[in-house]
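# Remarks on the overall topology
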Amino acid sequence: MLRICSKEEFIDYIDFAYELASDLTKSGYPTYCDGVKTKAMFMERSLKAFDRETEQILLFEYEGKVDGLIHYYFLPEDNYLDTCFFLADKAIDRALSEFRAYAAANFPGYDLFLGFPADNQTAVNFLAGHGFECIESDYNNTSFLTRFEHIKENRNVIRIRQDNYRLFQMLHNQIEGDMYWNSERIYEDLDHWTVYVKEKEGKPLGAVYYMDARDGWFEIFGIDIDRDAYDPELFKELLEAALFDARSRNGRVMTFFCDEEYEWAAKECGFDCIGKYLCYKTHLE
């Protein structure tokens, strides 16, 4: 059974919730097993749900006691529904079934997105078997930037700003599909993004784009290569440009969700793999 969690109840269950969030087999994404996020960050982010109209935390009860918690948020202007955490100890398949029904009843017409580590086999098997489409499958990586003093500045890439944004747009339009951070949204929020492009004779070859999350933590959202060509050397060049920039800005860590075909290249650039990430989507009727 799902029911709304009060702030007082959440504080009572905070240790239980964080224990689940720290176990890849009992939690969804974002993961707290990456060596970056802490219990203090978990508490701070979770407590914001009680002050926001577009977020809520639910308690999941199973066999007479609390078995998990679900923190969800929604963007009405985009009909978008996602979770800040999805946690269950013994019956995550039951929790997913109940949450899908809850979401359909409360958010008809929305798209529901749920991300889980491949380690959580019960969850991914449920989603795959109940009409959810797997829209992303890649590897979650972390780079601890203080380890990499050898990285040098790459003068072959250029910083993207409003006046040369078309160079990045030409690449990103090729792959953006229905992703949330499309060219238009990144442009509108460009002050919070760092985008680098390698170009030749005015033609963009590849781009890397990332955000500064907090406290020296950067997150790469993607690397786009023209016509989706397989180019490991260009891929590594863009990755290293991002790492150098983040480190020069006193960054501590950088995270990056990498496609399987380039995972070896990410590791060569000094990233540690946390695990495989799967994202599922369904439309709520």
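See above for the structure.
The structure reproduced in this document is the subject of the present report. (Residues numbered from 1 in each chain as written. Predicted model: local features only at pLDDT ≥ 70, side-chain atom pairs only at ≥ 80, totals over all residues. Heavy atoms only, no water.)

Our next topic: the overall build of the protein chain. Scanning the protein chain from terminus to terminus reveals nine helices and twelve strands. Computed over the C-alpha atoms, the radius of gyration of the protein chain is 20 Å, within 12% of the 19 Å expected from 2.2 N^0.38 for a compact globule of 285 residues. Along the first, second and third principal axes, the C-alpha set of the protein chain runs to 65 × 40 × 35 Å. Per-residue burial over the protein chain gives 50% buried out of 285 residues. A separation of at least 24 residues holds for 67% of the contacts in the protein chain among residues at least 6 apart in sequence. (Helix = DSSP H or I, 4+ residues; strand = E, 2+ residues; numbered from the N terminus. Rg over C-alpha atoms; globule rule 2.2 N^0.38 Å. Buried < 20%, exposed > 50% of the residue type's maximum accessible area, 1.4 Å probe, protein only. Contact = heavy atoms within 4.5 Å.)

With that settled, consider the pattern of salt bridges. Going through the model one piece at a time under the given rule, you end up with 15 salt bridges. Where R94 meets E98, a salt bridge forms, and the shortest distance between an N and an O atom there is 2.9 Å. Of this pair, R94 and E98 both sit in helix α4 (residues 92-106), four residues apart, which is roughly one turn of that helix. In this structure, D226 engages R227 in a salt bridge whose closest nitrogen and oxygen atoms are separated by 3.5 Å. (Salt bridge = Lys/Arg side-chain N within 4 Å of Asp/Glu carboxyl O.)

As summarised here, the arrangement of the twelve strands in space is β1-β2-β3-β4-β5-β12-β6-β11-β10-β9-β8-β7, forming an open sheet in which the pairing is mixed. Both edges of this open sheet fall to β1 (2-4) and β7 (158-159), since each of them pairs with a single strand only. With eight bridges joining them, strand β3 (residues 65-75) and strand β4 (residues 80-88) adopt antiparallel strand pairing. What sits directly across from H71, in β4, is F85. (Pairing = 2+ DSSP bridges.)

Geometry only, nothing functional implied.
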